[in-house]
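# Structural overview
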Amino acid sequence: MRSIARIFKLLGAKLLAVGSFYQSNPTRFRRHKRAAKILLIKTIPVVVLALVSLIIAQIFFKDMPIPPAIQFALLGFWTIVLAIRLYPKISPFIIVGAAAALLAAGIVFTPPVKVTVAFFSVLFIALIARRIEFGVLALLIMTSSIMHDSVIPKPFTFGGMGFGASELLLLAMLSIVLFIMGAERRFDELKSPMVLPMLLFCFAVVVSIAISYSNSGGRAWDFKASYIAARPLFLYLLFFAIAFGIRTERQLKTIIFGGMVIASIVSLLIVVQYFLGTNAKIFFGTPWADIRVEALGEESNVIRSMPPGQALINLMFPATLCLSMVGSRKLRLFCIIASFALGIGLVFGFSRSAWVTTIFSLSMLWILSGRQLKMRLTIISVTAVVIAVIGSIALGTMAPGSAGSKFSSGMTKRFVSIFSRSTLRDAGIQARMDENRDTLAQIRRNPVFGIGVGRPIRYSMWVNPINGQQGFYPSYAIHNTYLELWLIYGLLGVISFAWLSITFLIRSLLLYIRTQNPLRKMLALSFFAGYIAYMLSAIAAMMFLHQLYYIVCTAFMWGCIDVMWRMEDQEQSNDCLSIASIEHKSPQISIYEGIA
């Protein structure tokens with residue numbers, strides 16, 4: 001008891017000393033009071049959100065305790081967020097050390113493998129808290145490289161649903177951007193003309209899920225199907241992570257040239273896959289994943305592969321040609337080499353739609369480029385295409401067996417078939433025309449709100465390869481993206497997506513005309529031409545609604561244009577301020593003094 005009384009006595013004496021100190025120093029008391037108030041304002045929202053996240057996690061795992069790995073991952077994540085909010089200039093290594101101390105305690109309760117994964121996840125979150133561009137590149141690797149998103153294990157699921165690693169990474173980036181914007185009071189930047197249509201499009205997706213759930217009579221299975229069908233569209237939120245997380249030109253160059261490197265690696269692996277044939281598969285995907293390694297119909301010995309990274313190749317090929325005309329010698333050399341690698345990947349993909357859209361985008365680049373750039377762009381484009389074709393033929397003929405001897409003829413027949421009328425009578429093309437007719441009939445019956453996501457659009461015929469019996473199965477997607485967009489998400493979905501696309505095209509074209517920065521000028525031009533090519537492909541391909549890699553690449557273009565537009569505005573405002581400052585500091589000479 002005496003020791004306890006002594007502790008209280010010392011504590012009282014300390015409080016009296018602190019009170020007398022502040023009484024004799026009122027200025028310091030007001031300063032410390034203000035600092036404590038700011039600290040409280042910064043801390044409370046983070047603590048509340050941390051508690052809410054733990055409660056939500058507990059709801060999802062109501063039938064069992066929350067796995068320790070998830071508990072420690074949540075604690076580590078919110079520790080990083082709180083440290084960034086309180087101390088914006090704190091070293092990431094200090095944050096990682098604090099998070100590691102929390103995660104290390106989990107080894108006692110959790111298998112070391114899970115704890116290691118959780119630790120490196122927190123370590124990577126700490127990295128993207130400082131360099132968010134690495135998070136963008138990681139998302140491109142997860143969704144638009146050699147693996148399908150479905151093969152990446154989900155950290156946790158609930159009711160058969162859950163968040164994939166790519167979605168958790170995007171959620172982490174959005175949270176970090178939101179907290180940094182709040183700490184630096186930069187919410188005025190949300191005035192971008194892309195924000196409102198993006199929010200309307202997300203709202204249309206949520207409404208479509210609700211409509212589908214209502215039409216099903218409230219069955220849990222139908223809600224799960226609707227959620228799974230709509231999940232890819234939430235990756236469009238990558239736009240916010242790029243538009244408001246990328247702040248400097250160095251960060252912009254990192255994601256642009258990093259994307260080119262990823263696309264070049266995928267392109268080279270497409271060539272390797274051709275040499276391997278169908279005996280081995282270096283692209284990772286489940287049986288239902290959209291990764292195809294198959295023989296061409298025209299030449300059964302010619303193998304084509306269509307990994308998710310093909311979307312990134314289509315995006316980056318025009319960009320490499322444009323950027324090969326500007327910048328330093330090293331930059332131009334890098335872009336030239338990358339353009340050759342991407343061109344070879346395009347040829348080995350044997351995708352007629354990719355060939356047509358690439359030719360169209362190059363034509364658009366030539367039409368929109370200035371008089372001085374036309375000749376240089378023509379020379380570079382023709383050289384890149386010729387070298388890509390000749391190099392592909394040289395590589396293809398080196399393949400073992402009949403795959404080498406049939407490469408040239410298979411490529412020629414595939415290309416010539418683009419201009420053949422018989423192609424329109426192909427069974428696949430006729431099936432897509434039937435899809436369009438069926439979809440238009442359903443749109444007439446549901447013109448405003450649509451039928452809801454996850455609902456069967458039509459029934460397709462299926463032939464059992466074993467016994468040859470025919471059957472019908474429900475089809476949840478069609479190839480014409482725009483018709484499906486109207487049917488599934490209603491008028492709000494069509495209007496908001498059209499608003500996004502038109503706004504993007506106008507801003508990219510105006511940025512190309514407005515900016516004097518060669519990097520931004522060429523990127524704006526290539527993204528404008530590439531996006532129009534995307535829109536043409538979407539007439540006959542499920543790009544903007546189902547294919548995750550095209551969704552991510554689209555959001556990538558949207559975000560980059562918004563970043564470059566904001567950089568241009570900041571530079572012009574800084575120039576105006578500097579001119580005004582010079583005029584203010586210059587001596588004023590009166591008329592009479594000038595006459596004298």
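Here we come to the overall build of the protein. Within the protein, the regular secondary structure consists of 22 helices and six strands. Expressed as a percentage of the 596 residues in the protein, the buried residues total 46%. Put simply, of all contacts in the protein between residues at least 6 apart along the chain, 73% involve residues at least 24 apart. When the accessible surface of the protein is totalled, it reaches about 30900 Å², and 69% of it is carbon and sulfur.

Turning next to the pattern of salt bridges. Under the counting rule described, the total for this entry stands at seven salt bridges. Salt-bridge contacts for D569 lead to R514; the nearest nitrogen and oxygen are separated by 2.5 Å. On the criterion of sequence distance, the pair formed by D569 in helix α21 (residues 548–585) and R514 in helix α19 (residues 481–514) is long-range, its members being 55 residues apart. R520 is paired through a salt bridge with E568; the nearest N and O atoms lie 2.8 Å apart. Note that R520 is positioned in helix α20 (residues 518–537) and E568 in helix α21, a separation of 48 residues in sequence. Of the residues examined, E568 reaches a relative accessible area of 6% and is grouped as buried. Salt bridges here are not isolated pairs; linked through shared partners, they connect E249, R520, E568 and E571.

For the rest of this paragraph, the subject is a nonpolar patch on the surface. Together, V448, F449, W486, L491 and I495 make up an exposed nonpolar region whose accessible area comes to about 470 Å². Under the relative-accessibility criterion, I495 is labelled exposed at 53%.

Between the first and last C-alpha of helix α15 (residues 371–396) there are 38 Å, a value that for 26 residues agrees with the 38 Å anticipated at 1.5 Å per step. Here α15 has its buried residues at L373, L377, S381, A384, A388, S392 and G396.

For the structure on display, the rule yields two cavities of 30 Å³ or more. Each pocket or cavity is described by its volume, and for the largest cavity that value is around 60 Å³. Taken together, N314, P318, T357, T358, S361, G530, A533 and Y534 make up the full set of residues lining the largest cavity. Broken down by secondary-structure element, the contributors of at least two residues to the lining of the largest cavity are α12 (309–323), α14 (352–368) and α20. Of the residues that constitute the lining of the largest cavity, the class distribution is three nonpolar, five polar and no charged. Quantified by volume, the second largest cavity comes out at close to 30 Å³. T143, H148, D149, P308, L548 and Y549 are the residues that line the second largest cavity. Of the residues that constitute the lining of the second largest cavity, the class distribution is three nonpolar, two polar and one charged.

Looking now at the packing of aromatic side chains. By the definition in use, this model includes 21 aromatic pairs. With a centroid separation of 5.2 Å and an interplanar angle of 80°, the aromatic rings of Y534 and Y550 are classed as edge-to-face. Here the residue Y534 occupies a position in helix α20, and Y550 occupies one in helix α21, the gap between them amounting to 16 residues. Classification of Y534 by relative accessible area gives buried; the value is 4%.

The next subject is the side chain of D562. Its location among the elements puts D562 in helix α21. For D562, a relative accessible area of 3% puts it in the buried group. Within polar-contact distance, the side chain of D562 engages the side chain of S192 at 2.6 Å. A polar side-chain atom of D562 sits 3.1 Å from a polar atom in the side chain of R507. Beyond its immediate stretch of four places on either side in the chain, D562 contacts S192, M194, F239, A243 and R507.

For the protein, per-residue confidence averages 76 on the pLDDT scale, and residues scoring 70 or more make up 66% of the total. Here helix α22 (residues 591–595) is the element of the protein with the lowest mean pLDDT, 34, and helix α10 (residues 238–245) is the one with the highest, 91. Across residues 588–596, where pLDDT falls below 50, the model places three contacts with residues more than four positions away in sequence or in other chains.

This part covers helix α13 (residues 329–349). End to end, α13 covers 30 Å across 21 residues, agreeing with the expected 30 Å (1.5 Å per residue, within 8%). F350, located one to two residues past α13, shows a positive phi value of around 50°.

You can see K521 is positioned in helix α20. In this structure, the C-alpha to C-alpha distance between K521 and L511, residues ten residues apart in sequence, is 6.9 Å. Among all residues touching K521, those that are not within four sequence positions of it are Y512, I513 and T515.

Turning to the nonpolar core, a few remarks are in order. Grouped together as the largest cluster of nonpolar side chains are 130 residues, with contacts concentrated most on I256 and F556. Ranked by residues supplied to this core, first place goes to α21 with 16 residues.

Turning next to the state of the cysteines. Applying the stated criterion across every chain yields a total of zero disulfides. With no disulfide of its own, C322 lies closest to C335 among cysteine sulfurs, the gap being 9.8 Å.

Position of F234 relative to the elements: it lies in the loop between α9 (220–230) and α10. Sequence-wise, F234 and V205 are 29 residues apart; in three dimensions their C-alpha atoms are separated by 8.7 Å.

The subject of this paragraph is unusual backbone geometry. Positive phi values are uncommon outside glycine, yet F350 reaches one of about 50°. Within the element layout of this structure, F350 appears in the loop between α13 and α14. Overall, the relative accessible area of 0% leaves F350 in the buried class.

The rules behind these values
Residues numbered from 1 in each chain as written. Predicted model: local features only at pLDDT ≥ 70, side-chain atom pairs only at ≥ 80, totals over all residues. Heavy atoms only, no water. Helix = DSSP H or I, 4+ residues; strand = E, 2+ residues; numbered from the N terminus. Buried < 20%, exposed > 50% of the residue type's maximum accessible area, 1.4 Å probe, protein only. Contact = heavy atoms within 4.5 Å. Areas by Shrake-Rupley, 256 points an atom, 1.4 Å probe, with all protein chains shown as cover. Salt bridge = Lys/Arg side-chain N within 4 Å of Asp/Glu carboxyl O. Patch = residues over 30% accessible without salt bridge, like charges linked within 9 Å, V, L, I, M, F, W, Y side chains within 5 Å. Expected span 1.5 Å × (residues − 1). 1 Å grid on protein atoms, 1.4 Å probe; cavity = no way out; pocket = protein on both sides within 12 Å on 5 of 7 lines; lining within 4 Å. Points joined across faces, edges and corners; volume = space filled by probe spheres on them. Nonpolar A, V, L, I, M, F, W, Y, C, P; charged D, E, K, R; others polar. Phe/Tyr/Trp six-rings, centres within 6.5 Å; stacked < 30°, edge-to-face > 60°. Polar contact = N/O pair within 3.5 Å; in protein donor to acceptor, adjacent residues only side chain to side chain. pLDDT = per-residue confidence, 0-100. Core = buried A, V, L, I, M, F, W, Y, C linked by side-chain atoms within 4.5 Å. Disulfide = S-S within 2.5 Å.

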